[in-house]
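Next come the chains, spelled out residue by residue.
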Amino acid sequence: MAVEICVKAAVGAPDILGDCPFSQRALLTLEEKKVPYKRHLINISDKPQWFMEISPEGKVPVVKFDDKWVADSDVIVRIIEEKYPEPSLTNPPEFASLGSKIFPSFVNFLKSKDPNDGTEQALLEELKALDEHLKTHGGPFIAGEKVTAVDLSLAPKLYHLQVALEHFKQWTVPESLAHVHGYTKV
Ligand SMILES: N[C@@H](CCC(=O)N[C@@H](CS)C(=O)NCC(=O)O)C(=O)O
């Protein structure tokens, strides 16, 4: 039975893939595994009734495996890895949470109205830790030569961060974080 996936459509452009890093993570995982799938673009400002029935929380992504719809990108990625083990995207466990605080720190900074509330500094600390990891482990990916699940989670979030912070705050990742810049270009 074919895999089906519901992902976010671009705001104002219902035929184009939108900016949800969780949807992009699930899509990238299917692509890396070369799993054929049928994609449904969901306008999340006007969710269709059929979508609400399969995703009661109204969130994307949701993926249909063996006739059952599953929500949450963590669960989805785990199931894809179990059902389609090759090529393996399993990352070394010590890198599993690498960069995991970048996205929440970005959201705090994006929402912040006070330039001195420490949210920018907190994000910078997380980005510096990623830069240091890439510097000491050689890259180009988190686990070295090979792309793994942690890259497919982190990369869409970094992309989202760059686009949103530049647009809303005219803020860019400092040039001194050269390894982070290199990573986003791989
Ligand atoms: N923890 C979920 C988060 C998914 C999520 O927050 N999706 C957002 C779009 S990026 C969404 O569907 N928002 C629609 C809504 O909340 O109405 C995952 O990892 O899949």
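Residues numbered from 1 in each chain as written. Predicted model: local features only at pLDDT ≥ 70, side-chain atom pairs only at ≥ 80, totals over all residues. Heavy atoms only, no water.

### A word on the packing of aromatic side chains
Moving on, step 1. Under the defined criterion, the tally for this structure stands at four aromatic pairs.
Moving on, step 2. Between Phe-22 and Phe-103, the ring centres sit 5.8 Å apart and the planes meet at 90°, which makes this aromatic pair edge-to-face. You can see Phe-22 sitting in helix α1 (residues 21-33) and its partner Phe-103 sitting in helix α4 (residues 102-111), a full 81 residues away along the chain.
Moving on, step 3. Taking 5.4 Å as the distance between ring centres and 45° as the angle between the ring planes, the aromatic pair formed by Phe-103 and Phe-106 counts as tilted. Remark: Phe-106 and Phe-103 occur in helix α4; sequence separation between them is three residues, near one turn of the helix.
Moving on, step 4. Take Phe-106: its relative accessible area is 1%, and that puts it in the buried class.
Moving on, step 5. Above the face of the Phe-109 ring, Lys-169 is positioned so that its terminal group lies 4.8 Å from the ring centre. (Phe/Tyr/Trp six-rings, centres within 6.5 Å; stacked < 30°, edge-to-face > 60°. Helix = DSSP H or I, 4+ residues; strand = E, 2+ residues; numbered from the N terminus. Buried < 20%, exposed > 50% of the residue type's maximum accessible area, 1.4 Å probe, protein only. Lys NZ or Arg CZ within 6 Å of the ring centre and 35° of its normal.)

### Here we look at the UniProt feature "domain: GST N-terminal" (unreviewed entry) in the protein chain
Moving on, step 1. Per the UniProt entry, the sites bearing "domain: GST N-terminal" (unreviewed entry) are residues 10-88 in this numbering.
Moving on, step 2. Across residues 10-88, helical content stands at 38% and strand content at 25%; the span's end C-alpha atoms are separated by 30 Å. (UniProt positions renumbered as here; feature names shortened; annotations may be inferred.)

### Let's talk about the packing of α1 against helix α6 (residues 149-169)
Packed helix pairs are characterised by how far apart their axes lie and by the angle those axes make with each other.
Moving on, step 1. Contact geometry of α1 with α6 gives a least axis separation of 8 Å together with a crossing angle of 135°. Relative to α6, the element α1 is oriented oblique. For the crossing formed where α1 meets α6, the hand is right-handed. Judged by residue contacts, Pro-21, Phe-22, Gln-24, Arg-25, Leu-28, Thr-29 and Glu-32 of α1 engage Leu-152, Ser-153, Pro-156, Lys-157 and His-160 from α6.
Moving on, step 2. Of the residues that constitute the contact of α1 with α6, the class distribution is five nonpolar, four polar and three charged. (Axes fitted to C-alpha atoms, helices over the stretch in contact; angles between N-to-C directions. Parallel < 35°, antiparallel > 145°, perpendicular 65-115°, else oblique. Left-handed = near helix turned anticlockwise from the far one by under 90°. Contact = heavy atoms within 4.5 Å. Nonpolar A, V, L, I, M, F, W, Y, C, P; charged D, E, K, R; others polar.)

### Brief notes about the domain arrangement of the protein chain
Moving on, step 1. You can read the domains of the protein chain as domain 1 (3-83) and domain 2 (93-185).
Moving on, step 2. When each unit is reduced to the centre of its C-alpha atoms, the spacing between domain 1 and domain 2 is 24 Å.
Moving on, step 3. When domain 1 packs against domain 2, close to 770 Å² is buried across both sides, 75% of that on carbon and sulfur atoms.
Moving on, step 4. Contact with domain 2 buries surface across domain 1, with Pro-21, Arg-25 and Glu-32 losing the most and accounting together for 50% of the total.
Moving on, step 5. At the junction of domain 1 with domain 2, the criterion picks out one residue pair in polar contact (both at pLDDT 80 or more). (Domains from an automatic or database assignment. Buried area = accessible area lost by both parts, 1.4 Å probe. Polar contact = N/O pair within 3.5 Å; in protein donor to acceptor, adjacent residues only side chain to side chain.)

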